[in-house]
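Below are the chains, spelled out letter by letter.
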Amino acid sequence: MLRKLQNEVRPWATRNFGKRKREAWKPLVGLMEEVGELSHAHLKQVQRVRMDEDHEAKAKDAIGDIVIFLIDYCDLRGWDIQQLVEQTWRKVKQRDYRKLKPKDESDALARKFHEAYERLAPKFGYKTRKASAVSWDDVPIKNKKLMTAVAFEILKQKLQPSNVRWGKAKSRCRVRPTR
Ligand SMILES: [Mg+2]
């Protein structure tokens with residue numbers, strides 16, 4: 001879609017603005033002007049001023065102009081806009097910002113800790129408390145909150161295998177402080 005558009009913008013821009021003196025900074029400045037127009041229209045709509053004007057239509061128009069200017073800019077630099085967008089999108093779509101939040105991860109870590117703890121306890125001849133020897137969802141809220149807070153602290157310290165050095169006794173480990 002973007003490549004097709006670029007192939008249409010090129011002859012149109014050349015016919016209208018000439019072949020010579022076509023420099024990339026010109027559509028770049030035009031692009032910035034349109035970003036200003038979009039901001040202006042958005043702001044006025046949010047502020048509910050000049051309501052006799054169609055701010056939404058102006059914002060949409062600016063979006064179209066932004067893309068066209070951007071295409072022209074890329075073309076003058078000899079870049080295939082579609083390739084650039086696809087390349088970046090491939091990277092961006094891999095990111096999961098929610099997954100990286102310690103709060104979300106701490107819930108999952110606390111749950112996993114609880115499940116493993118309850119599962120392993122009998123093998124070590126240890127009997128856990130009746131109230132907590134239940135599935136994670138039924139663990140008393142106070143316990144849950146404490147365990148989640150502990151998990152959060154650990155995650156905050158970025159405790160990762162690479163930061164842990166096991167000593168001779170397997171039960172003792174040293175944690176390298178992280179910066
Ligand atoms: Mg405009």
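Being a predicted model, the structure only gives us computed values, none of them experimental. Every chain is numbered independently, its residues counted from 1 as its sequence is written. The predicted origin of the model limits local features to residues at a pLDDT of at least 70 and limits the giving and counting of side-chain atom pairs to 80 or more, whereas totals for whole chains, interfaces and linings rest on all residues.

Visitor: What should I look at first to understand the environment of Phe113 in this one?
Guide: Among the structural elements, Phe113 can be located in helix H5 (residues 102–120). The contact rule is simple: place each C-beta atom from the backbone, and if two of them lie within 7 Å, those residues are in contact. If we ignore the near neighbours within four places in the chain, the residues touching Phe113 are Met147 and Ala151. Per the convention used, a helix needs a DSSP run of H or I reaching at least four residues, while a strand needs a run of E reaching at least two, with both numbered from the N terminus.

Visitor: Looking at this structure, how should I read the nonpolar core?
Guide: Soluble globular proteins: nonpolar side chains tend toward being buried together. Core membership is restricted to buried Ala, Val, Leu, Ile, Met, Phe, Trp, Tyr and Cys residues, and these are joined into a nonpolar core through C-beta atoms within 7 Å. Buried, partly exposed and exposed are defined by the number of other C-beta atoms within 10 Å of a residue's own C-beta, namely 20 or more, between the two limits, and 12 or fewer respectively, with C-beta atoms placed from the backbone. Grouped together as the largest cluster of nonpolar side chains are eight residues: Val9, Ala13, Ile68, Phe69, Leu70, Ile71, Cys74 and Ile81. It is helix H3 (residues 55–76) that contributes the most residues to this core, five residues altogether.

Visitor: Teacher, can you tell me more about unusual backbone geometry here?
Guide: As a rule of thumb, non-glycine residues mostly have phi less than zero, and peptide bonds are mostly trans rather than cis. If you check the backbone angles, Arg48 has positive phi at about 55 degrees while not being a glycine. Turning to its location among the elements, Arg48 is positioned in the loop between helix H2 (25–47) and H3. The phi angle at Arg50 is positive, at roughly 45 degrees, despite the residue not being glycine. Looking at the secondary structure, you find Arg50 in the loop between H2 and H3.

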